[in-house]
Amino acid sequence: MSQTLWTTVDHYLNAQLVGDDPVLEAALTASAEAGLPSIAVAPNQGKMLHLLAQAIGARRILEVGTRGGYSTVWLARANLDRAGLAAVAQVRIGPGLDSLPKLADEAPAPFDLVFIDADKPSNADYFAWALKLIRPGGVIIVDNVVRKGTVADPASQDANVLGVRRLLDLIAAEPRVSATAVQTVGEKGHDGFIMAVVAN
Ligand code: DHB
Ligand code: MG
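Residues numbered from 1 in each chain as written. Chains lettered and ligands numbered in written order. Predicted model: local features only at pLDDT ≥ 70, side-chain atom pairs only at ≥ 80, totals over all residues. Heavy atoms only, no water.

(A) Fine view of the overall build of the chain. When helices and strands are counted, the chain shows 7 helices and 5 strands. In sequence order, the secondary structure elements of the chain are arranged as α-α-α-β-α-α-β-α-β-α-β-β. Radius of gyration (C-alpha) of the chain: 17 Å, near the 16 Å computed for a compact globule of 200 residues. Taken over the C-alpha atoms alone, the chain extends approximately 50 × 45 × 30 Å along its principal axes. Considering the chain as a whole, with its 200 residues, one finds that 39% of them fall into the buried category. In the chain, once contacts between residues fewer than 6 apart in sequence are set aside, the share between residues at least 24 apart is 71%. In the chain, which carries 17 positive and 21 negative side-chain charges, the distance between the mean positions of the two groups comes to 5 Å. (Helix = DSSP H or I, 4+ residues; strand = E, 2+ residues; numbered from the N terminus. Rg over C-alpha atoms; globule rule 2.2 N^0.38 Å. Buried < 20%, exposed > 50% of the residue type's maximum accessible area, 1.4 Å probe, protein only. Contact = heavy atoms within 4.5 Å. Lys, Arg positive; Asp, Glu negative; His and termini not counted. Charge placed at Lys NZ, Arg CZ, Asp CG, Glu CD.)

Encoded structure:
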């Protein structure tokens with residue numbers, strides 16, 4: 001019952017405020033044709049990421065876990081609107097825990113926004129890398145941290161849940177970060193995200 005209602009509401013809200021977009025639709029179609037699971041962020045979630053990036057004037061955005069590139073398009077466009085550039089995204093293929101140390105070795109300019117949406121057991125490690133790579137005052141968003149409510153089960157043996165719980169422990173003990181987590185329902189079910197702001 002609930003899922004049908006959540007999906008109906010998402011479709012209504014998206015029709016009112018988000019709309020269809022051929023480039024984003026193409027990213028979803030290509031993902032489906034490539035056999036990727038349908039786990040891209042929902043349109044209204046993608047637009048929320050886009051608006052957040054726009055609101056903080058983000059120019060440098062790091063996304064960990066890109067898959068079909070759907071949220072990547074939403075995020076890159078926030079940047080694109082500001083910078084007027086055609087080619088703003090650089091994709092690095094491979095496990096994040098291989099790519100992130102290599103990226104850090106290149107001493108890149110600090111990122112304004114990091115979106116973590118990759119394999120969930122590595123969440124805490126990705127977050128630790130994000131802290132190294134982000135600027136003071138930067139924003140870190142982590143997707144899929146509620147997992148149908150299973151995140152609150154202290155007895156869970158699910159590797160994804162354990163990954164989220166380990167991340168929450170890390171953030172709770174991290175004085176450089178102020179964070180919240182919000183549950184969401186919608187066409188992608190019952191889940192949620194963490195928003196963390198790094199101290200200035
Ligand atoms: C899964 C991963 C995601 O990033 C998501 O948004 C939903 C589900 C998964 O691995 O099941
Ligand atoms: Mg996700």
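Once the structure has been displayed, the description carries forward.
(B) Seen up close, a nonpolar patch on the surface. The grouping of Leu5, Val9, Tyr12 and Leu13 at the surface amounts to a nonpolar patch, some 380 Å² of accessible area in total. Given the relative accessible area of 52%, Tyr12 is considered exposed. (Patch = residues over 30% accessible without salt bridge, like charges linked within 9 Å, V, L, I, M, F, W, Y side chains within 5 Å. Areas by Shrake-Rupley, 256 points an atom, 1.4 Å probe, with all protein chains shown as cover. Salt bridge = Lys/Arg side-chain N within 4 Å of Asp/Glu carboxyl O.)

(C) View of the coordination of the magnesium ion (ligand 2). Those protein atoms acting as donors to the magnesium ion (ligand 2) are Asp117 (OD), Asp143 (OD) and Asn144 (OD1), and they sit at 2.0 to 2.1 Å. Sequence spacing among the residues donating to the magnesium ion (ligand 2) works out to D-x25-D-N. Across this residue pair, the class does not change: Asp143 and Asn144 are buried. (Donors = N, O, S within 2.8 Å, 3.2 Å for Na, K, Ca; no water.)

(D) Seen up close, the site of ligand 1. Taken together, Ile39, Arg67, Asp117, Lys120, Asp143 and Asn144 are the residues near ligand 1. Here an oxygen atom of ligand 1 sits 3.2 Å away from a polar atom, N or O, in the main chain of Ile39. Contact between ligand 1 and Asp143: an oxygen atom at 3.2 Å from a side-chain N or O atom of the residue. Contact with the protein chains covers 69% of the free accessible surface of ligand 1, which is 290 Å². Here the shell around ligand 1 is built from residues that sort into 1 nonpolar, 1 polar and 4 charged. (Near = heavy atom within 4 Å. Polar contact = N/O pair within 3.5 Å; in protein donor to acceptor, adjacent residues only side chain to side chain. Nonpolar A, V, L, I, M, F, W, Y, C, P; charged D, E, K, R; others polar.)

(E) Inspection of the sheet that holds strand E2 (residues 111–116) at higher detail. Strands sit in the order E1-E2-E3-E5-E4 across an open sheet of 5 strands; the sheet is mixed. Looking along the sheet, the strands with just one partner apiece sit at the ends: strand E1 (61–64) and strand E4 (177–186). The sheet shows a mean angle of 15° between the axes of neighbouring strands, taken without regard to direction. The sheet contact formed by E4 and strand E5 (residues 189–198) spans 10 bridges and is antiparallel. Directly across from Ala181, in E5, lies its bridge partner Ile194. Contacts from helix H1 (residues 2–17) reach E4 and E5, with the element oriented near 105° to E4. (Pairing = 2+ DSSP bridges. Axes fitted to C-alpha atoms, helices over the stretch in contact; angles between N-to-C directions.)

(F) Representation of the pattern of salt bridges. Within this structure, the stated rule accounts for 6 salt bridges. Notably, a salt bridge pairs Arg166 with Asp125, separated by 3.4 Å at the nearest N-O pair. Of this pair, Arg166 sits in helix H7 (residues 159–172) while Asp125 sits in helix H6 (residues 123–133); the two residues are 41 residues apart in sequence, bridging distant segments of the chain. A relative accessible area of 27% means that Asp125 is categorised as partly exposed.

(G) Seen up close, the packing of aromatic side chains. Counted under the stated rule, the structure contains 0 aromatic pairs. Its guanidinium or amino end placed over the ring of Phe111, Arg60 lies 4.4 Å from that ring's centre, counting from NZ or CZ. A cation over a ring is seen here: Lys132 above Trp129, with NZ or CZ 5.3 Å from the ring centre. (Phe/Tyr/Trp six-rings, centres within 6.5 Å; stacked < 30°, edge-to-face > 60°. Lys NZ or Arg CZ within 6 Å of the ring centre and 35° of its normal.)

(H) Seen up close, the packing of helix H5 (residues 96–105) against H6. Between H5 and H6, whose axes approach to 11 Å, the crossing angle comes to 15°. Here H5 lies roughly parallel to H6, going by the angle between them. Our pair here, H5 against H6, has a crossing hand that is left-handed. Only Asp125, Tyr126, Trp129 and Leu133 of H6 make contact with H5, whose side of the interface consists of Gly96, Leu97, Leu100, Pro101, Leu103 and Ala104. Considering only residue class, the contact of H5 with H6 consists of 8 nonpolar, 1 polar and 1 charged. (Parallel < 35°, antiparallel > 145°, perpendicular 65-115°, else oblique. Left-handed = near helix turned anticlockwise from the far one by under 90°.)

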